[in-house]
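Reading the structure
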There are 2 protein chains.
Amino acid sequence: MTDADIPESHPRYESLLTRHRIEAGVEDGITSRQGLIAQGRGEAFDYLLGERTLPSADGAARAAAAHLLLADHPVLSVNGNVAALVPGEVVDLAEATGADIEVNLFNRTAERMERIADHLREHGASEVKGLTADGRIPGLDHERAKVDADGIGDADVVLVPLEDGDRAEALGELGKVEVVIDLNPMSRSARAADVPIVDNVIRAVPAITEHARELVDADRETLEGIVADFDADETLAAAERAIREGSDEAEA
Amino acid sequence: MTDADIPESHPRYESLLTRHRIEAGVEDGITSRQGLIAQGRGEAFDYLLGERTLPSADGAARAAAAHLLLADHPVLSVNGNVAALVPGEVVDLAEATGADIEVNLFNRTAERMERIADHLREHGASEVKGLTADGRIPGLDHERAKVDADGIGDADVVLVPLEDGDRAEALGELGKVEVVIDLNPMSRSARAADVPIVDNVIRAVPAITEHARELVDADRETLEGIVADFDADETLAAAERAIREGSDEAEA
């Protein structure tokens, strides 16, 4: 089955597409066992959110787009699940914001690194960083600390979708602006972020791209205003309310 | 790493044990990809429940024990995740209640059936049903409908932990008493059950066994009283409140 075999009109289109891409990711050696378990955790939180993008999450996606456009050196960090779920969407976002793409794995092996880089190139990426691994994030185990010195090591804004809590916290302490996509608003990753986007990565990455395309000609003052108006704590609280109470923010 | 390598005093003991057993289940060809994703969904709901057994879940475990003791022919249905997570605990429950054990897989292959049966025998099961497959549950696809005629086919009370919604509903329509263990109180499986236990299988199966050992000499009237007093809808509502609102039932 390819993506094209799933009719967009299907009521469970997004869910079937996600499941199909994750299964294909396992076949291709991209998605790990831990990645499958993480996928399940995300499904449960998305179910409780009503499988929709909250207004607060769309606001966070807009703030993320402004940060990426303001950055001197934005980098999109890609792990196994991100590569499996949104490879083309990450390439589109990199093009819309002038960001680098860097592969970064919690369970790093040379083989998975290569497979993920190949997968991203097949989806249109011109350059994929992460294989040089000549930089380190302080405070993490050796393998998990590896980054490219001229990639995440040099970035001022980093997008880290579906990131492990330890790594998100260590990145947050480096003084970089950190944008996290995570469906659990109580997770350490979401709480460590300057901009937490509590949404399914399959909806959030295209949403950032859409905002970036709309804002690409905006002046610096407009972008800085969007960044200044964003409130991470309020975004997390709104998402937790939606999950806990099933409340519909739009009517609040 | 074996179970014994994880110190029981570790604050994340149960979580580490669960993760370790699921990983070992994959190595042994017992846990499927779908099983790993399901494990992740369960982790998210357990996290929201506070990784504890609600008083309502303990009440459901007691009602389940009463049903199993009252039954003419109780059967415990075991799938890949159940076999990986609680093989010895299922054998203990079968012994405490005189129940049969039957392997039943959503993604049935002869190889996985054999591996799971072997795994249960290694954990002390004397007889494992499910391999004859000479009975059918109406309303399900051919492979998913297979049961043993002298096992689930003949049972009056069935415990189905972590069951797929289609199968739970089809079993529920057969007029058997159905006990389900599921961490999502909104799932079709939980809603199809006569007795839904909204709890982690790693806590729930030993809890049923404990109640069964305590009730083993109780008279029929006492057991029937426990069964009659149990309210499935109230149990589901209490669990959903705990997940949504983080409420502590014990103080309600």
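Residues numbered from 1 in each chain as written. Chains lettered and ligands numbered in written order. Predicted model: local features only at pLDDT ≥ 70, side-chain atom pairs only at ≥ 80, totals over all residues. Heavy atoms only, no water.

Many structure descriptions define interface size as the accessible area lost when the parts assemble. Counting from both sides, the interface comprises 25 residues of chain B and, opposite them, 25 residues of chain A. Here chain B and chain A share an interface that buries about 2,200 Å² over both sides, 56% of which is from carbon and sulfur atoms. Looking at the side of chain B facing chain A, the largest losses of area belong to Arg33, Ile37 and Arg244 of chain B, adding up to 31% of the total buried there. Across the contact surface, chain B and chain A share 16 residue pairs in polar contact (both at pLDDT 80 or more). Contributing elements (two or more residues each) for the side of chain B that touches chain A: α1 (13-27), α2 (33-49) and α12 (232-245) of chain B. The greatest single-element share of the side of chain B that touches chain A, amounting to 12 residues, is contributed by α2 of chain B. A per-class count over the side of chain B that touches chain A returns 11 nonpolar, 6 polar and 8 charged. (Contact = heavy atoms within 4.5 Å. Buried area = accessible area lost by both parts, 1.4 Å probe. Polar contact = N/O pair within 3.5 Å; in protein donor to acceptor, adjacent residues only side chain to side chain. Helix = DSSP H or I, 4+ residues; strand = E, 2+ residues; numbered from the N terminus. Nonpolar A, V, L, I, M, F, W, Y, C, P; charged D, E, K, R; others polar.)

What follows is about the sheet that holds strand β7 (residues 195-197) of chain B. Residues and elements named next belong to chain B. The 5 strands lie next to each other as β2-β1-β5-β6-β7, forming an open sheet whose pairing is parallel. Only two strands of the sheet have a single partner each, and these edge strands are β2 (100-103) and β7. Taken pair by pair, the neighbouring strands of this sheet meet at an average axis angle of 20°, ignoring direction. Where helix α3 (residues 55-70) meets the sheet, its contacts fall on β1 (74-78), β5 (157-161), β6 (177-181) and β7, and the angle it forms with β7 comes to roughly 135°. The sheet contacts of helix α6 (residues 110-122) involve β1 and β2, and relative to β2 the element is tilted by about 150°. (Pairing = 2+ DSSP bridges. Axes fitted to C-alpha atoms, helices over the stretch in contact; angles between N-to-C directions.)

Now for the sheet that holds strand β1 (residues 74-78) of chain A. All names here are of chain A. One open sheet holds the 5 strands; their spatial order is β2-β1-β5-β6-β7, and the pairing between them is parallel. Every interior strand has two partners, whereas the edge strands, β2 (100-103) and β7 (195-197), have only one. Going from strand to strand, the sheet's axes swing by 20° on average, the running direction of each strand aside. The pairing of strand β6 (residues 177-181) with β7 spans 3 bridges and is parallel. Each residue of the ladder has a partner; that of valine 179, found in β7, is valine 195.

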